[in-house]
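A structural walkthrough
One letter stands for each residue in the lines below.
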Amino acid sequence: MRLSISHKTTYNYVPPATRVIQVLRLTPRNHDGQYVVNWRIDVSADCRLDQHEDAFGNITHAFAAEGPLPELSLLVEGEVETRDAHGLVRDAVERFPPSLFLRETELTACDAGIAAFAAAARQADGDTLQVLHRLLERLHDHMQLDADPTYVATKAAEAFALKHGICQDFAHIFITASRSLGIPARYVGGYFCREDETAQDAGHAWAEAFVPDLGWIAFDPTNGICATDAHARVAVGLDHLGAAPGRGMRYGGGTETLAVNIHVDQAARQTQS
């Protein structure tokens with residue numbers, strides 16, 4: 001599938017910001033099942049984009065824009081060719097052994113509720129892969145997709161107790177539960193092509209878990225499936241903070257408002273329309 005992706009982020013500052021510094025993780029990489037056909041980043045301010053790689057091998061771009069800045073917009077767009085690899089993630093950049101992804105973070109701290117939930121998935125017979133699929137199904141049934149009760153800093157245990165959350169929360173809970181069973185797991189940020197809706201107000205998030213003899217496998221608990229050719233993988237981390245599309249700081253500007261407009265569609269479908 002060839003995915004056409006457009007992601008625009010607009011910041012408004014009142015009064016204008018005097019300086020904005022950001023690090024972006026908005027550029028996908030090639031791996032088995034994913035090929036970046038073309039991709040570009042455009043910043044409305046006059047600044048230089050410096051490309052680097054972070055510790056996890058994610059492509060990052062850093063910039064500093066000088067004000068006054070009443071508004072700042074970022075546009076990333078391009079096309080990514082994807083193939084359904086049945087969730088298997090091969091030939092991706094791997095800087096660390098899987099055991100690193102057993103490390104707990106503040107957003108993925110385990111509590112008794114998640115630990116018991118994960119243990120129940122392991123009670124029945126099955127190997128690691130079967131346990132992960134059981135965990136995927138149970139979590140998809142347990143949680144309801146809802147943007148109201150949670151926010152970017154919501155912890156896995158908090159969202160699990162609410163039984164509501166966004167895709168980020170689903171991914172954090174799956175990661176936390178997997179790690180509690182001794183299964184390395186990590187956070188993935190990217191895009192998802194929906195059949196019924198091309199306009200979106202946020203990117204997508206899912207998880208990858210390491211299975212011996214198979215490697216990393218991508219699980220999307222929000223949709224209750226393994227990742228398919230409808231997923232475009234952009235960045236990975238121990239949690240959302242390590243794979244966030246953009247992080248930074250600003251000087252001046254008392255009030256900040258943010259608007260995000262994302263369009264993900266099949267390139268062939270766009271041509272036909």
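It should be emphasised that the depicted structure is a prediction, and the values quoted were computed from it without experimental measurement.

With that settled, consider the pairing of strand β13 (residues 231–237). For a regular strand, side-chain orientation follows a simple rule: the groups alternate between the two sheet faces. Counting buried residues in β13 gives seven out of seven residues, a clear majority hidden from the surface. Two elements, strand β8 (residues 185–192) and β13, share six bridges in a ladder whose sense is antiparallel. Directly across from G189, in β13, lies its bridge partner A235.

This brings us to helix α4 (residues 167–180). An α-helical segment advances 3.6 residues per turn. Residues three or four places apart therefore align on the same side. Look at α4: 20 Å from first C-alpha to last across 14 residues, which is about the 20 Å you get at 1.5 Å a residue. Judged by how many residues are buried, α4 sits mostly within the fold: 13 of 14 residues are covered. One or two positions beyond α4, positive phi appears at G182, with a value near 80°.

Summarising the element assignment, A147 is placed in the loop between β6 (144–145) and α3 (156–162). Sequence separation of A147 and A235 is 88 residues, and the distance between their C-alpha atoms is 22 Å.

Residue V14 is joined to P15 through a cis peptide bond whose omega torsion reads -10°. Inspection of the secondary structure assignment puts P15 in strand β1 (residues 2–27). The omega torsion of the bond from G67 to P68 falls at 10°, within 30 degrees of zero and hence cis. With respect to the helices and strands, the residue P68 is situated in strand β4 (residues 59–82).

The next point concerns empty space enclosed by the protein. One water molecule sets the probe size; rolling that probe over the atoms shows where empty space is left. Applying the stated criterion across every chain, the model contains three cavities of 30 Å³ or more. The computed volume of the largest cavity comes to approximately 170 Å³. Of all elements in the fold, only β5 (88–89), β10 (204–211) and β13 reach the threshold of two or more residues within the lining of the largest cavity. Residues of the lining of the largest cavity, tallied by class, amount to six nonpolar, seven polar and six charged. For the second largest cavity, the calculated volume is near 110 Å³. Forming the walls of the second largest cavity are 13 residues, and the residues nearest its centre are R29, G57, N58, R233 and V234. With four residues, the top contributor of residues to the lining of the second largest cavity is β13. A class-by-class count of the residues in the lining of the second largest cavity yields six nonpolar, five polar and two charged.

On to the layout of surface pockets, then. Space inside the largest pocket adds up to approximately 1300 Å³. In terms of lining, the largest pocket is formed by 49 residues, of which the most central are D201, A202, G203, H240 and P245. It is β1 that contributes the most residues to the lining of the largest pocket, nine residues altogether. Looking at the lining of the largest pocket residue by residue, the class counts come to 27 nonpolar, 15 polar and seven charged.

Conventions we followed
- Throughout this document, residue positions are counted from 1 along each chain, in the order its sequence is written.
- For a predicted model such as this one, the threshold for reporting local features is a pLDDT of at least 70, and the threshold for listing and counting side-chain atom pairs is 80 or more; totals across whole chains, interfaces and linings nevertheless cover every residue.
- As a convention, hydrogens and water are excluded, and side-chain values are obtained from all of the structure's heavy atoms.
- The classification of residues rests on relative accessible area computed with a 1.4 Å probe and restricted to protein chains. Under 20% of the type maximum is buried, over 50% is exposed, and intermediate values are partly exposed.
- What counts as a helix is a DSSP run of H or I of at least four residues, what counts as a strand is a run of E of at least two, and both are numbered from the N terminus.
- Any two strands between which DSSP finds at least two bridges are classified as paired.
- In a helix, the anticipated span is given by 1.5 Å times the number of residues less one.
- Cavity and pocket criteria rest on a 1 Å grid covering protein atoms alone: a 1.4 Å probe that fits but cannot get out defines a cavity, protein on both sides within 12 Å along at least 5 of 7 lines defines an open pocket, and an atom within 4 Å of a point defines a lining residue.
- Grid points are joined across faces, edges and corners, and a volume is the space filled by probe spheres set on the points.
- Under this grouping Gly is polar, as are all residues other than the nonpolar Ala, Val, Leu, Ile, Met, Phe, Trp, Tyr, Cys and Pro and the charged Asp, Glu, Lys and Arg.

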